[in-house]
Amino acid sequence: MTLTRRLALAAALAAPLASAPALAQTQITVQHALPANSHTGVGASTFKDAFERLTNGRYSVVVQRNDNEREMVESVQIGTIDCTFTSTGPVGNFVPEVRVFDVPFLFRDATHARGVLDGDIGQQVLARFPARGLVGVIWIENGFRNLTNSRREVNTPADMRGLKIRTMENQVHMRAFTTLGALPTPMAFSELVPALQQGTVDGQENPISVIVANNLNQVQRYMTMTRHVYSPQVMICNPQTVGRLNAADRALFQQAAVEAQRANRARVTADDEAGVAELRRRGMTVITEVDTAAFQAALAPAFAEWERTLDAATLRRIRDWQPN
């Protein structure tokens, strides 16, 4: 289902609830969890600038930061805010089909991940959102996740044993770290830095762009380029918000979302290219040579479980995807 059709469906579902004229709501609030000067912040600000420009100022987009991603999704669902740019980690608690993208080592590279998300598979998952009181607008990204910690270099799966690792509230991620012998500790991103400072957790896992933007080098000594999970983000909106847009404005909304996606992905690519050198400049020890096959082998019991509990056919389609 294309974005235009999803927005049209959301408009139809929300029509009985939208008693105000199409242009009555001139302000749209968008929240995200990272600093303004980050890949997510750039995506949100690009959406704001694009939608305001395309509608000649008839809509004002207010961008706010909220470090609690689950709270943002809940707020979109009940209509307290209009939209969020959020990692998919907590989204699986609302739309279980999203969890298929959280399986470790599922995507070969960014081209593979973006192709899957922008193609039929990704659009089919977005089509599941309306049944949960949400509109999945477009896929954006965090990039590939890497491990950091304050205790020791991690070169092999055995080095993971006993490390207390903060994860998102995501059962797939938690199962992976448990299988590797680590102690996963789910918590909101807003709690991460204090937890690292106080030793509540030893480490965390995030893409380079998140690590750089949030200065995690100040509380972490080691980073290992595990690239263990490709971390999508998604723009999610309230159905009634979308339903108040007329057809022409929905098309402009889509155009602005595409511009945001491009800006977000370009920033992730740039951060990945420059991030290792920057983190080393800041004093981190960065391990770039990783035996990926060893980590995959160590995760074999978890892979077997995910084949049973997730959509095995979709997992195969993702692994088999090739560019046209």
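Structure: see above.
Note that the structure is predicted; figures quoted are calculated from it, not measured.

**Points about the pattern of salt bridges**
Between side chains of opposite charge, a pair can form when the charged atoms approach closely.
Part 1: Inspection of every chain in the model, using the stated rule, returns 15 salt bridges.
Part 2: With a shortest N-O distance of 2.7 Å, E278 and R281 are connected by a salt bridge. A residue pair is termed a helical-turn pair when its members lie 3 or 4 positions apart in one helix, as E278 and R281 do in helix α10 (residues 247–281) at 3 residues.
Part 3: By relative accessible area, R281 is classed as exposed at 61%.
Part 4: Each of the salt bridges in this network shares a partner with another, and the network as a whole consists of R70, E74 and E169.

**A word on the nonpolar core**
Part 1: One finds F101, F107 and F129 to be the most contacted residues of the largest nonpolar core, which totals 46 residues.
Part 2: Apart from residues no more than four positions distant in its own chain, F129 is found in contact with V91, V95, V98, L134, V135, G136, V234 and I236.
Part 3: Of all hydrophobic cores here, the second largest spans 22 residues; its members include V30, V61, M235 and F253.

**What about the side chain of H39?**
Part 1: Considering the arrangement of structural elements, one finds H39 in helix α2 (residues 39–54).
Part 2: A polar contact of 3.3 Å, which involves the side chain of H39, links it to the side chain of T40.
Part 3: In this structure the side chain of H39 is engaged in a polar contact, spanning 2.8 Å, whose partner is the side chain of N142.
Part 4: In this structure H39 touches L34, E141, N142, S209, V210, Q233, N264, R267 and V268, once residues within four positions along its chain are discounted.

**Details of the packing of helix α6 (residues 171–179) against helix α12 (residues 300–309)**
Part 1: For the pair α6 and α12, interaxial distance at closest approach is 9 Å and the crossing angle is 150°. Between α6 and α12, the interaxial angle falls into the category roughly antiparallel. Contacts between α6 and α12 involve V172, R175, A176 and T179 from the first element and P301, A302, E305 and W306 from the second.
Part 2: Looking at the contact of α6 with α12, its residues break down into 5 nonpolar, 1 polar and 2 charged.

**Thoughts on the state of the cysteines**
Part 1: Under the definition given, this model contains 1 disulfide.
Part 2: Sulfur-sulfur distance for the disulfide between C83 and C237 comes to 2.2 Å. Note on the C83 and C237 pair: the S-S dihedral is about 105°, so by sign convention the disulfide is right-handed. Pair noted here: C83 is in strand β3 (residues 83–87) and C237 is in strand β8 (residues 222–237), with a separation of 154 residues, a long-range link. For the residue pair C83 and C237, the accessibility class agrees, reading buried in each case.

**Some thoughts on helix α3 (residues 69–78)**
Along an α-helix, residues three or four positions apart point the same way, because every turn accommodates 3.6 residues.
Part 1: Taken together, the buried positions of α3 are occupied by E69, M72, V73, S75 and V76. For α3, the arc enclosing every buried residue in end-on projection is 160°, short of the 170-degree limit, so these residues lie on one face.
Part 2: Where α3 begins, one side-chain oxygen reaches toward the backbone nitrogen of R70, 3.3 Å away; that side chain belongs to N68.

**Notes on the pairing of β8**
Part 1: Summarising burial for β8: 15 of the 16 residues are buried, a large majority.
Part 2: As defined by bridge partners, strand β4 (residues 135–149) adjoins β8 across 12 bridges and the pair is classed as antiparallel. Paired with G143 across the strands is S231, a residue of β8.
Part 3: Where β8 lies against strand β9 (residues 285–287), 3 bridges are found, and the strand directions are parallel. Counterpart to T224 in the pairing with β9 is I287.

**Regarding the environment of T309**
Part 1: Along the chain, the position of T309 falls in helix α12.
Part 2: Accessibility expressed as a relative area gives 54% for T309, which makes it exposed.
Part 3: Sequence separation between T309 and I138 is 171 residues; the distance between their C-alpha atoms is 26 Å.

Procedures and definitions
- Residues numbered from 1 in each chain as written.
- Predicted model: local features only at pLDDT ≥ 70, side-chain atom pairs only at ≥ 80, totals over all residues.
- Heavy atoms only, no water.
- Salt bridge = Lys/Arg side-chain N within 4 Å of Asp/Glu carboxyl O.
- Helix = DSSP H or I, 4+ residues; strand = E, 2+ residues; numbered from the N terminus.
- Buried < 20%, exposed > 50% of the residue type's maximum accessible area, 1.4 Å probe, protein only.
- Core = buried A, V, L, I, M, F, W, Y, C linked by side-chain atoms within 4.5 Å.
- Contact = heavy atoms within 4.5 Å.
- Polar contact = N/O pair within 3.5 Å; in protein donor to acceptor, adjacent residues only side chain to side chain.
- Axes fitted to C-alpha atoms, helices over the stretch in contact; angles between N-to-C directions.
- Parallel < 35°, antiparallel > 145°, perpendicular 65-115°, else oblique.
- Nonpolar A, V, L, I, M, F, W, Y, C, P; charged D, E, K, R; others polar.
- Disulfide = S-S within 2.5 Å.
- Arc of directions from axis to C-beta.
- Pairing = 2+ DSSP bridges.

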